[in-house]
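An overview of the molecular structure
The lines below spell out each chain.
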Number of protein chains: 2
Amino acid sequence: MLDMAILGLLREGPMHGYELKQRLVDLGFWRISFGSVYPALRRLDRSGWIEVSGGSGRRKEYRITAEGKEHFQQILEDEASEVENTTAFRVRLAFFRYMEPSVRIGFLERRKSVLRERIAAARGSLRKTADRVDRYTQALMEHGVKVAEADVAWIEELIASEQLDAPRGFDDAPGEK
Amino acid sequence: MLDMAILGLLREGPMHGYELKQRLVDLGFWRISFGSVYPALRRLDRSGWIEVSGGSGRRKEYRITAEGKEHFQQILEDEASEVENTTAFRVRLAFFRYMEPSVRIGFLERRKSVLRERIAAARGSLRKTADRVDRYTQALMEHGVKVAEADVAWIEELIASEQLDAPRGFDDAPGEK
DNA sequence: CAGTCGCTATATCGAACCGATATAACGAAC
DNA sequence: GTTCGTTATATCGGTTCGATATAGCGACTG
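The structure reproduced in this document is the subject of the present report. Please read these numbers as outputs of a predicted model, since none were measured by experiment.

Okay, the packing of helix H7 (residues 135-165) of chain A against helix H5 (residues 86-94) of chain B next. One can describe the packing of H7 of chain A onto H5 of chain B by two numbers: an axis separation of 7 Å at closest approach and a directional angle of 140°. If you check the angle between H7 of chain A and H5 of chain B, you find them oblique. Here H7 of chain A contributes Tyr136, Thr137 and Leu140 of chain A to the contact with H5 of chain B, which in turn contributes Arg90, Leu93 and Ala94 of chain B. A per-class count over the contact of H7 of chain A with H5 of chain B returns 4 nonpolar, 1 polar and 1 charged.

Next comes the structure, spelled out in structure tokens:
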């Protein structure tokens, strides 16, 4: 996941590690530590998806390679990708501009149905355990459901505004089912 | 964090690993894997906070020890504990009944101020980056702020209902500042 | 102008955690 | 009676976290 976020940011231009970490924090994905960022950068370098300029010492610059861009595009648009993972969904949303318009709505829809399943499950376990859990636990579970419902509503808004932009089949994917 | 959640559940009675994991999932803290649960149980056993009955084979039962209860109480009520961590806060809330009433409101207040700081920071970074991020990223950040605001409102409710139960200084902490 | 404080920047370490997978016993359906 | 889903314990590799170390740099301070 971190790999995708880093590649996505490097698509906009080369950066050094510290700046990259600041940007990641700014986007508010999650709180990332250097203990994740630097190993990730080494990993991406080994895979040939980024390259490093400025040897050992201060201020190394990282830039994405052509293969890196290709790889980023692939993992970004991967239909089988985990929509159950909130972070993964949020990162993909942040890079929606790089995603085929025809794929965007599919992602949003799949996320919505995952959330709905989760809401149903949470409601079930609330009913099931209502008698043996205390009011704090109950408040916690109920709040979780409320947040998830707000998320669904938000995603529906996103879908609606996406459909306004592309009311009927898009240039890139004309007849594609 | 997992350690605290496990000890908290075992306070209610002995369980085996699988059941424990189900309960953890039911509570909806986060999605826990066996790859976390079993190492955690071994860890807790080594520390002497739980004990295992039923040797190698099927269905081991785990029960909390007296030292385990003491340790649980300590990490639960630790004033210096991380309120920045959403998961840590949620787990503690689920075990609020084991917490000194005088300590509960303190926790809620500290969580609230952390969220408020985070909202302010997010608003700042929204203003700062408004021109160079696209509408998807912006929608993501704005939604994050909204969710955090709803969280603050929820915590304020919790504080209010807590103050109803204990309107003025409690028996346990009479003159304590 | 020496001292030190805080920020930028890179890096590593151990511990914890995740996701996938292996294994096996059990009950029930077919 | 064997195949299937569920319960149950366990491990493995890879990733991530949190803490910590190091050092150059600018700014302010006595």
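The next point concerns the protein's contact with DNA strand D. Residues in contact with DNA strand D amount to 20 residues; listed here are only the nearest, Arg31 and Ser36 of chain A together with Tyr18, Arg59 and Lys60 of chain B. By atom count, sugar and phosphate contribute 66% of the portion of DNA strand D lying within 4 Å of the protein. Within the side chain of Trp30 of chain A, an N or O atom sits 3.1 Å from a phosphate oxygen of DNA strand D. Interatomic distance of 3.1 Å between a backbone N/O atom of Gly17 of chain B and a phosphate oxygen of DNA strand D. When contributions to the surface near DNA strand D are tallied by element, the ones reaching two or more residues are helix H3 (34-46) of chain A together with helix H2 (17-27) and helix H3 (34-46) of chain B. The element that contributes the greatest number of residues to the surface near DNA strand D is H3 of chain B, accounting for 4 residues. A breakdown of the residues in the surface near DNA strand D according to their chemical character gives 7 nonpolar, 7 polar and 6 charged.

With that settled, consider the relation of the copies chain A and chain B. Screw-axis analysis of chain A against chain B gives a translation of 0.0 Å along the axis, an RMSD of 0.1 Å, and a rotation angle of 180°. Expressed as a symmetry operation, the mapping of one chain copy onto the other fits a two-fold axis. Residue Val147 of chain A, judged by its C-alpha, is the member of chain A lying nearest the rotation axis, at 3.6 Å. Both copies share a contact surface, since 100% of the interface residues of chain A are interface residues in chain B too.

What follows covers the protein's contact with DNA strand C. As a matter of local geometry, DNA strand C sits amid 21 residues, with Tyr18, Arg59 and Lys60 of chain A together with Arg31 and Ser36 of chain B nearest to it. Across the atoms of DNA strand C situated within 4 Å of the protein, the share located in sugar and phosphate is 65%. One nitrogen or oxygen atom from the side chain of Ser33 of chain B is found 3.4 Å from a base nitrogen belonging to DNA strand C. At a separation of 3.0 Å, a phosphate oxygen of DNA strand C approaches a polar side-chain atom of Arg43 of chain B. Those elements that place two or more of their residues in the surface near DNA strand C are helix H2 (17-27) and H3 of chain A together with H3 of chain B. Split into classes, the residues belonging to the surface near DNA strand C amount to 7 nonpolar, 7 polar and 7 charged.

What follows is about the nonpolar core. In terms of nonpolar packing, the biggest core is built from 50 residues, with Ile6, Leu10, Leu24, Phe29, Leu93 and Leu108 of chain B touching the most fellow members. Leu10 of chain B has contacts with Met15, Leu20, Ile50, Tyr62 and Ile64 of chain B, leaving out every residue within four places of it along the chain. If you look at the next biggest cluster of nonpolar residues, it comprises 49 residues, including Leu2, Phe29, Leu76 and Ala94 of chain A.

It is worth spelling out the interface of chain A and chain B at this point. Across the boundary between the two partners, chain A contributes 31 residues, which contact 31 residues of chain B. Surface buried jointly by chain A and chain B totals about 2700 Å² across both partners, of which 54% is contributed by carbon and sulfur atoms. Summed over the three residues of chain A that lose the most area to chain B, namely Tyr136, Leu140 and His143 of chain A, the buried surface amounts to 25% of that side. In this structure, the salt-bridge partner of Glu162 of chain A is Arg135 of chain B, at a minimum N-O distance of 3.9 Å. The interface formed by chain A and chain B includes 12 residue pairs in polar contact (both at pLDDT 80 or more).

A word on the side chain of Glu77 of chain B. Residues and elements named next belong to chain B. With respect to the helices and strands, Glu77 occurs in helix H4 (residues 66-77). Buried within the structure, Glu77 lacks any salt-bridge partner; its nearest side chain of opposite charge belongs to Arg104, at an N-O separation of 7.6 Å. Of note is the side chain of Glu77, whose polar atom sits 2.6 Å from the backbone nitrogen of Glu100. Leave out the neighbours within four places in its chain, and Glu77 touches Tyr98, Met99, Glu100, Val103 and Phe107.

Moving on to the pairing of strand S2 (residues 61-64) of chain B. A regular strand carries its side chains on alternate faces of the sheet. Residue and element names in this part refer to chain B. What you see with S2 is a clean split: Tyr62 and Ile64 sit on the buried side and Glu61 and Arg63 on the side with no burial. The sheet contact formed by strand S1 (residues 50-53) and S2 spans 4 bridges and is antiparallel. Directly across from Ile50, in S2, lies its bridge partner Ile64.

What follows covers the environment of Phe29 of chain B. Examined against the element boundaries, Phe29 of chain B turns out to sit in the loop between H2 and H3. Judged by relative accessible area, Phe29 of chain B falls into the buried class, the value being 7%. Not counting the four nearest positions on each side in its chain, Phe29 of chain B is found in contact with Leu140 of chain A together with Ala5, Leu24, Arg90, Val91 and Ala94 of chain B.

Parameters and conventions
Within every chain, residues take consecutive numbers counted from 1 along the sequence as written. In the order they appear in the text, chains get letters beginning with A and ligands get numbers beginning with 1. Given that this is a predicted model, residues contribute local features only at a pLDDT of at least 70 and side-chain atom pairs are listed and counted only at 80 or more, while totals for whole chains, interfaces and linings are drawn from all residues. No hydrogens and no water enter the side-chain calculation; it runs on all heavy atoms of the structure. Only the stretch in contact is used when fitting a helix axis, every axis being a line fitted to C-alpha atoms; angles between N-to-C directions are given from 0 to 180 degrees. Each helix is a run of H or I in the DSSP string that is no shorter than four residues. Each strand is a run of E no shorter than two, and both are numbered from the N terminus. Working definition: roughly parallel below 35 degrees, roughly antiparallel above 145 degrees, roughly perpendicular at 65 to 115 degrees, and oblique for all remaining angles. In what follows, residue pairs with any heavy atoms lying within 4.5 Å of each other are defined as contacts. Residues are grouped as follows: Ala, Val, Leu, Ile, Met, Phe, Trp, Tyr, Cys and Pro are nonpolar; Asp, Glu, Lys and Arg are charged; every other residue, Gly included, is polar. We call a residue near a given molecule or strand whenever any one of its heavy atoms falls within 4 Å of it. By the criterion applied in these results, polar contacts are pairs of N or O atoms within 3.5 Å in which, for protein atoms, one can donate a hydrogen and the other can accept it, and in which residues neighboring in sequence qualify only through two side-chain atoms. When the copies are superposed, the least-squares fit takes in the C-alpha atoms of residues with a pLDDT of at least 70 in both. In this description, a nonpolar core means a group of buried Ala, Val, Leu, Ile, Met, Phe, Trp, Tyr and Cys residues linked to one another through side-chain atoms lying within 4.5 Å. When a residue's accessible area, from a 1.4 Å probe over protein chains only, is under 20% of the maximum for its type it is buried; when over 50% it is exposed; and in between it is partly exposed. A quick way to say it: buried area is the sum, across both parts, of accessible area lost when two parts are put together, with a 1.4 Å probe. Should a side-chain nitrogen of Lys or Arg be within 4 Å of a carboxyl oxygen of Asp or Glu, the pair is scored as a salt bridge. A residue counts as positive if it is Lys or Arg and as negative if it is Asp or Glu; His and the chain ends are not included. Whether two strands pair comes down to DSSP finding at least two bridges between them.

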